[in-house]
Amino acid sequence: MKSWIIKYSELILTILISLMICTTRSSMALGNLLYGLIILMTLITCRYRRHEISVPQSIRQYGWAYVGMLLCVLPSALISTDIAITTKYFFNIWIWKVLIILPILLFIKSPRKLYAILIVFFVYMGIDGISAFVQLLIGHNISSGRAGGVVNGSVMGLAMLLTFTFPLALVVMFDKSFPKYVRQSAIFSSLGMLLGMWGNQSRGSWLFSGTNGILITLRYCFLNVRYLLVLIVAIIGIGYVFTTNQAYLDRFESTFNMTTNGSNIGRIYVWVSDKQMIMDHPIIGVGPGLWGKKYAGEYQLKQETQNLGHSHNNMLQIASESGILGLIGFLEFSIFIIYKSVKSYIMSTNPYDLSIIVGFISYLFLFGSIDYTWGNSSGIRIFWVVMGIMLQLRDN
């Protein structure tokens, strides 16, 4: 048993993580089962290979930064009106979800296996995007004219992953540091996700992915001028679709409508309530997991009729639940990660740090400005998997 685990643990973890990526959005139960198996396999491997575990100082720094964030959030979980709920929520959101990065950093050292997970991720996202487009075409599983992709996929869950994945796929597609077969999977993923954005109809995804797409393509134009042609063709094609379809043009323009668009106004009402909640509980917030109860009971405005279940903003959600102290911890960790990658990227110009920078900003701060991506179960797991892969590839 011991020798078998030592020999095959890396392969088994690679397969389990790949399966989790492909199932977590469609079936929470199956995703949780696979996640549990991954953690169990990691613990068993730690026992048998404990003398082989070696974590570079560059990665250990991220761990200490994360611990610093946890210490800032912890008081809000321990000092609350319902400690049973807050401690459970704290463990689930702030500890349990990030554990998926450990098997990648500790045991999956082979670049081929890391690339294999990355390929599975890109191919899955391409298929997810295509399925959303098909759903829109045939009118299946549509919610308010929007498709969620795969089987029982969440509309907002797909939108945040499209925003996260699309710029990463462009980096991998353009950068020849990646093997050809990985770049081909990124090309497929990019095309599938463009269709997915059409089917998903997320205005935030359109705006953020478009901006990221232009900036990343311009970055790589300095290496290959043909990428500029790709950008021009894409802009012309997308522009033609919007200018010939008034409904799409109206939807995009509604992104900036803060007076009559119900979705935008609903968020503004919630953010006003968040402001008051933070003012009433400035240091440690109302407690992790208690936002919904407090909001519905004390802070929901009469004008807010959608009964939104969270802040639709990472920083406001964290500040409301864990106070200014928790928000400082979150920003400390995020800024540290981005700073380290920017510094490393300036020194070595590698695609892995660029992916970390773009991934963190896109998932946590761009789409995280209009939705609570930090608390999305499937999204945050996939986020940590991809960030772990980029860290490992960089240090390898």
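Parameters and conventions
Residues numbered from 1 in each chain as written. Predicted model: local features only at pLDDT ≥ 70, side-chain atom pairs only at ≥ 80, totals over all residues. Heavy atoms only, no water. Axes fitted to C-alpha atoms, helices over the stretch in contact; angles between N-to-C directions. Helix = DSSP H or I, 4+ residues; strand = E, 2+ residues; numbered from the N terminus. Parallel < 35°, antiparallel > 145°, perpendicular 65-115°, else oblique. Left-handed = near helix turned anticlockwise from the far one by under 90°. Contact = heavy atoms within 4.5 Å. Nonpolar A, V, L, I, M, F, W, Y, C, P; charged D, E, K, R; others polar. Core = buried A, V, L, I, M, F, W, Y, C linked by side-chain atoms within 4.5 Å. Buried < 20%, exposed > 50% of the residue type's maximum accessible area, 1.4 Å probe, protein only. Salt bridge = Lys/Arg side-chain N within 4 Å of Asp/Glu carboxyl O. Expected span 1.5 Å × (residues − 1). Patch = residues over 30% accessible without salt bridge, like charges linked within 9 Å, V, L, I, M, F, W, Y side chains within 5 Å. Areas by Shrake-Rupley, 256 points an atom, 1.4 Å probe, with all protein chains shown as cover.

Asker: Quick question: what am I supposed to make of the packing of helix α9 (residues 203-221) against helix α10 (residues 226-243) here?
Answerer: Running from N to C, α9 and α10 point in directions that differ by 155°, and their axes come no closer than 8 Å. With respect to their mutual orientation, α9 and α10 come out roughly antiparallel. The two elements α9 and α10 meet at a crossing, and its hand is left-handed. When α9 is examined against α10, the residues Trp206, Ile214, Thr217, Leu218, Tyr220 and Cys221 are found in contact with a partner set consisting of Tyr227, Leu228, Leu231 and Phe242. Across the contact of α9 with α10, the residue classes break down as nine nonpolar, one polar and no charged.

Asker: How do you make sense of the nonpolar core when you look at a structure like this?
Answerer: As a rule of thumb, nonpolar side chains are buried together in soluble globular proteins. Among the nonpolar cores identified, the biggest contains 98 residues, and Phe360, Trp374 and Trp384 are the most heavily contacted of them. The element that contributes the greatest number of residues to this core is helix α7 (residues 155-174), accounting for 14 residues. Contact partners of Trp384, with chain neighbours within four places excluded, come to Tyr66, Lys97, Val98, Ile100, Ile101, Phe333, Phe360 and Trp374. Formed by eight residues, the second largest nonpolar core is a distinct cluster that contains Val270, Val286, Trp291 and Tyr295.

Asker: Looking at this structure, how should I read unusual backbone geometry?
Answerer: A negative phi angle is the norm for most residues apart from glycine, just as the trans form is the norm for most peptide bonds. Here the phi dihedral of Asn141 falls at roughly 55°; this positive angle occurs in a residue that is not glycine. By the secondary structure assignment, Asn141 is in the loop between α6 (111-138) and β1 (142-143). Its identity is not glycine, yet Asn307 carries a phi of approximately 50°, on the positive side. Checked against the element boundaries, Asn307 lands in the loop between α13 (291-299) and α14 (314-348). The exposed category is assigned to Asn307, whose relative accessible area is 55%.

Asker: How should I be thinking about the packing of helix α3 (residues 57-78) against helix α16 (residues 377-395) in this particular structure?
Answerer: Two numbers describe a pair of packed helices, the interaxial angle and the distance between the axes. At their nearest, the axes of α3 and α16 sit 10 Å apart, and the two run at 150° to each other. In this view, α3 runs roughly antiparallel relative to α16, as classed from their interaxial angle. On α16, the residues touching Ser58, Ile59, Tyr62 and Tyr66 of α3 are Trp384, Leu391, Arg394 and Asp395. Counted by class, the contact of α3 with α16 contains five nonpolar, one polar and two charged residues.

Asker: Looking at this structure, how should I read the pattern of salt bridges?
Answerer: Working definition: two side chains of opposite charge can pair if their charged atoms are close together. Under the criterion given, the structure shown has five salt bridges. The network of salt bridges with shared partners includes Asp353, Arg394 and Asp395.

Asker: Any chance you could explain the environment of Met258 here in plain terms?
Answerer: With respect to the element layout, Met258 can be found in the loop between α11 (246-253) and α12 (262-280). Between the C-alpha atom of Met258 and that of Leu354, which follows or precedes it by 96 residues, the distance is 33 Å. Dropping the residues within four chain positions of it, Met258 is found in contact with Asn264, Ile265 and Ile268.

Asker: I tried to follow the environment of Ile389 on my own but got confused; where do I start?
Answerer: Note on placement: Ile389 falls in helix α16. Take Ile389: its relative accessible area is 1%, and that puts it in the buried class. For the pair Ile389 and Leu316, spaced 73 residues apart in sequence, the C-alpha to C-alpha distance is 29 Å. Contact partners of Ile389, with chain neighbours within four places excluded, come to Ile104, Leu114, Ile117 and Leu118.

Asker: For this particular structure, what's the right way to read helix α8 (residues 180-200)?
Answerer: Because an α-helix packs 3.6 residues into every turn, residues spaced three or four apart end up facing the same way. In this model α8 runs 29 Å from its N-terminal to its C-terminal C-alpha over 21 residues, within 8% of the 30 Å that 1.5 Å per residue would give. All of the buried residues in α8 are Val182, Arg183, Ser185, Ala186, Ser189, Ser190, Gly192, Met193, Gly196, Met197, Gly199 and Asn200. Positive phi shows up at Gln201, right after α8, with a value of about 60°.

Asker: What is the right way to look at a nonpolar patch on the surface in this model?
Answerer: On the surface, Ile214, Leu218, Val225, Leu228, Ile232, Ile235 and Ile236 cluster together into a nonpolar patch covering about 590 Å² of accessible area. Those elements that provide at least two residues to the nonpolar patch are α9 and α10. It is α10 that provides the largest number of residues to the nonpolar patch, a total of four residues.

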